Amino acid sequence: EKMEDELERGLLLPQGGGGVPEYHRLSSDVIERTTVLIRPSRRHASARPRTARGVGRDAEDGGEGAESTTGQASLNLVLSAAGGIGMVTLPGSFAILGYAEGALALVAASTAAAWSLVLLDSACKKVNKASSASYGALVASILGPAGCYALEALTLVYCLGQVVAYVGAIGAQASAIWGHFQPGHRLPVNWATAGSALLAMLPLSLLPERGVMRFAGAAGCLCMVYIVATVILGDATRAALGQGPCSLSGGSLNPVAFGRSATRLLQNLPIFLFSMNASVIYVPVRSGHGPSLRGAPGGRHLIALSVAASAMLYLSCSAAAYYAYCGGVPENVVDAWPISWVPGLFARVLLCLELLVAGAGIYVPLARASLWHLIFGPRAKAAAGGWARLAASLGILVLGAAASVLLSGALALPLAVTASLCVTAQLFVLPGLAVYRSNGSVAALVFSFVGIAFGVLSLLALFGVLGSD
């Protein structure tokens, strides 16, 4: 009851009000530290003084009261949405659907992502400034204790899914690279997966979170820039200068516009939503945006610009890969390149680095924080330390490695399953319920139910309940 009273005060206090304890601080700090990559460097004229905690963070990031410009905020959202593993998995899903159906699926996912951000923007205007500083605080302020625990449980599952996909992908690439340099000594993929989890990701995940690992998101983005450039400038250019569309697939495939399979669409559309999802990062980015730019039309311009830019990046990479390989694009686009091709080999190494630092610097710490909030409540402020930190990290990585081995190192499947379950909640359900709870919008409630229905149908398709085609 005390928690409900505090949350209700947070909902009713005017903008800039205080007096409500912070919720989801551990998980929100991890998200902001590792994904808000472009820090504000100037103070907006209408900025208000920050709290003691806010001043400390501002001093690190660009001065007291520093607030981002529209360009900085947009770039943060684009890097968050398009700077991760979605860039190597989306081309494969795009190829399965066909070039026209894939483009339409990307438009649909972009529209859903944009509408989710519009709803979050609307919800942020209904709460005080402290409650609109992070996605977790916003959910806590409007949806109460049930929303708090649901969000942390979903975040934990989401992070576990990322770890499963990441250690499996690292294991597969490490095994292939080892075989290239040591052809007489094969490294089994399962051993490489376990080794990457326990010998590489575990030690890195135990480093101080405010030390070198705060650069995990930036390092991952730099690696992904090279991979995208290799796809667009390497594959598409070679195909264009060679025999044209599909020429890098061996010449046995032709362009296909539509896959004409509802089951395949349901199996692959979660990857599109996963790739375009920026809901969780949008709230802290919005919080650091200048007050005069947070309202309409400034907020809508930010959303439109960032979503359109992310969609164009994904479309460029997916279309380039499809032009070169057509339906032969693998689920991990780097697997299309011969390991003897030096740019392709370098891309594999950088992908391993990107997944390693993202897993150790973002998803293991975020999973730890969510687990701590589930055990000690959403107001917990002391992070796991000592043996508890080690035990939590070890448990997360052992579970992730074991699941990856059971799935034979599959990359797209764990991402699609967690997207169907968790991304639909982050993108559809929670924003829709928050707006419905705050102003009674029926359209927002319908948006939530659309997400629930889609998530259920996608899970049924992924597990074969709806048939193979």
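Residues numbered from 1 in each chain as written. Predicted model: local features only at pLDDT ≥ 70, side-chain atom pairs only at ≥ 80, totals over all residues. Heavy atoms only, no water.

Quick word on empty space enclosed by the protein
Logical step 1: In this structure the tally under the stated criterion is two cavities of 30 Å³ or more.
Logical step 2: Here the second largest cavity defines a volume of roughly 40 Å³.
Logical step 3: What lines the second largest cavity is simply Leu-77, Ala-81, Leu-117, Met-276, Ala-278, Ser-306, Val-307 and Ser-310.
Logical step 4: Put simply, the parts of the chain that give the lining of the second largest cavity at least two residues each are α4 (70–82) and α13 (298–325).
Logical step 5: The greatest single-element share of the lining of the second largest cavity, amounting to three residues, is contributed by α13.
Logical step 6: Across the lining of the second largest cavity, the residue classes tally to six nonpolar, two polar and no charged. (1 Å grid on protein atoms, 1.4 Å probe; cavity = no way out; pocket = protein on both sides within 12 Å on 5 of 7 lines; lining within 4 Å. Points joined across faces, edges and corners; volume = space filled by probe spheres on them. Helix = DSSP H or I, 4+ residues; strand = E, 2+ residues; numbered from the N terminus. Nonpolar A, V, L, I, M, F, W, Y, C, P; charged D, E, K, R; others polar.)

Things to note about the packing of aromatic side chains
Aromatic ring pairs are described here by two measures, namely the spacing of the ring centres and the angle between the planes.
Logical step 1: Taken as a whole and assessed by the stated rule, the structure comprises nine aromatic pairs.
Logical step 2: Look at Phe-94 and Tyr-322: their rings are 6.1 Å apart centre to centre, the planes differ by 70°, and that puts the pair in the edge-to-face class. Within this pair, whereas Phe-94 is found in helix α5 (residues 86–97), its partner Tyr-322 is found in helix α13, the two being separated by 228 residues in sequence. In terms of burial, Phe-94 and Tyr-322 fall into one category: buried.
Logical step 3: Seen in terms of ring centroids, Tyr-158 and Phe-274 are 6.4 Å apart; in terms of plane orientation they differ by 40°. Their pairing is tilted. Remark: Phe-274 occurs in helix α10 (residues 262–276) and Tyr-158 occurs in helix α7 (residues 135–181); sequence separation between them is 116 residues.
Logical step 4: You can call Phe-274 buried: its relative accessible area is 9%.
Logical step 5: Connected via pairs of aromatic rings, a cluster forms that spans Tyr-158, Tyr-166, Phe-274 and Tyr-363.
Logical step 6: The residue whose ring lies beneath Arg-238 is Trp-341, and the NZ or CZ to ring-centre distance is 4.4 Å. (Phe/Tyr/Trp six-rings, centres within 6.5 Å; stacked < 30°, edge-to-face > 60°. Buried < 20%, exposed > 50% of the residue type's maximum accessible area, 1.4 Å probe, protein only. Lys NZ or Arg CZ within 6 Å of the ring centre and 35° of its normal.)

As for the pattern of salt bridges
Two side chains bearing opposite charge may form a pair once their charged atoms approach each other closely.
Logical step 1: Enumeration according to the criterion identifies four salt bridges in this entry.
Logical step 2: In this structure, Asp-121 and Lys-125 form a salt bridge, with 3.3 Å as the shortest nitrogen-oxygen distance.
Logical step 3: Asp-121 gets classed as buried once you look at its relative accessible area, which sits at 2%.
Logical step 4: What makes Lys-125 partly exposed here is its relative accessible area of 39%.
Logical step 5: One salt bridge connects Arg-348 with Asp-335, and the closest N-O pair in it is separated by 3.5 Å. Of the two residues, Arg-348 sits in helix α14 (residues 342–376) while Asp-335 sits in the loop between α13 and α14, which places them 13 residues apart along the sequence.
Logical step 6: Arg-348 gets classed as buried once you look at its relative accessible area, which sits at 7%.
Logical step 7: Three or more residues joined by partner-sharing salt bridges are found here, namely Asp-121, Lys-125 and Arg-286. (Salt bridge = Lys/Arg side-chain N within 4 Å of Asp/Glu carboxyl O.)

Quick word on α10
Logical step 1: With 15 residues, α10 ought to run about 21 Å at 1.5 Å a step, and its terminal C-alpha atoms sit 21 Å apart, in line with that.
Logical step 2: Considering bend angle alone, the principal kink of α10 is centred on Asn-268 and spans about 30°; proline Pro-270 follows within four residues of it.
Logical step 3: Taking burial as the measure, the 15 residues of α10 include 11 buried ones, the bulk of the element. (Expected span 1.5 Å × (residues − 1). Bend = angle between axes of the 7 residues up to and from the residue.)

Points about the state of the cysteines
Two cysteines form a disulfide when their sulfur atoms are joined by a covalent bond.
Logical step 1: For the structure shown, the criterion picks out one disulfide.
Logical step 2: Cys-246 shares a disulfide with Cys-326; S-S distance 1.7 Å. Negative torsions about the S-S bond denote left-handed disulfides, and the value of about -60° found for Cys-246 with Cys-326 makes this one left-handed. Separated by 80 residues along the polypeptide, Cys-246 in the loop between α9 (216–241) and α10 and Cys-326 in the loop between α13 and α14 bring together distant segments of the chain. (Disulfide = S-S within 2.5 Å.)

So, unusual backbone geometry
Logical step 1: Residues other than glycine seldom take positive phi values, yet Cys-246 does so here, at roughly 70°.
Logical step 2: The exposure class assigned to Cys-246 is buried, which follows from its relative accessible area of 2%.
Logical step 3: Positive phi values are uncommon outside glycine, yet Arg-260 reaches one of about 55°.
Logical step 4: Within the fold, Arg-260 resides in the loop between α9 and α10.

A short note on the environment of Leu-248
Logical step 1: Its place among the elements puts Leu-248 in the loop between α9 and α10.
Logical step 2: Exposure remark for Leu-248: the relative accessible area of 28% places this residue in the partly exposed category.
Logical step 3: Spatially, the C-alpha atoms of Leu-248 and Ala-321 are 9.6 Å apart, while their sequence positions differ by 73 residues.
Logical step 4: Setting aside residues no more than four positions away along its own chain, Leu-248 makes contact with Asp-235, Arg-238, Ala-239, Ala-324 and Tyr-325. (Contact = heavy atoms within 4.5 Å.)

Quick word on the environment of Ser-318
Logical step 1: As for its placement among the helices and strands, Ser-318 is situated in helix α13.
Logical step 2: Sequence spacing of Ser-318 and Val-333 is 15 residues, and the spatial spacing of their C-alpha atoms is 9.4 Å.

What about the packing of α7 against α14?
Logical step 1: Packing of α7 against α14 leaves a shortest axis separation of 8 Å and a crossing angle of 155°. When the interaxial angle is binned, α7 and α14 end up roughly antiparallel. In this structure, α7 crosses over α14, and the sense of that crossing is left-handed.
Logical step 2: A per-class count over the contact of α7 with α14 returns 26 nonpolar, seven polar and two charged. (Axes fitted to C-alpha atoms, helices over the stretch in contact; angles between N-to-C directions. Parallel < 35°, antiparallel > 145°, perpendicular 65-115°, else oblique. Left-handed = near helix turned anticlockwise from the far one by under 90°.)

Some remarks on the confidence of the model for the protein
Logical step 1: Model confidence for the protein is summarised by a mean pLDDT of 83, while 82% of its residues fall at 70 or above.
Logical step 2: Here helix α3 (residues 52–61) stands out as the least confident element of the protein, with mean pLDDT 39; helix α17 (residues 442–462) is the most confident, with 96.
Logical step 3: Ignoring residues within four places in sequence, the model shows residues 6–21, a span with pLDDT below 50, making 39 contacts including any to other chains.
Logical step 4: Of the regions scoring below 50 in pLDDT, residues 43–64 engages in 39 contacts with residues more than four places distant in sequence or in other chains. (pLDDT = per-residue confidence, 0-100.)

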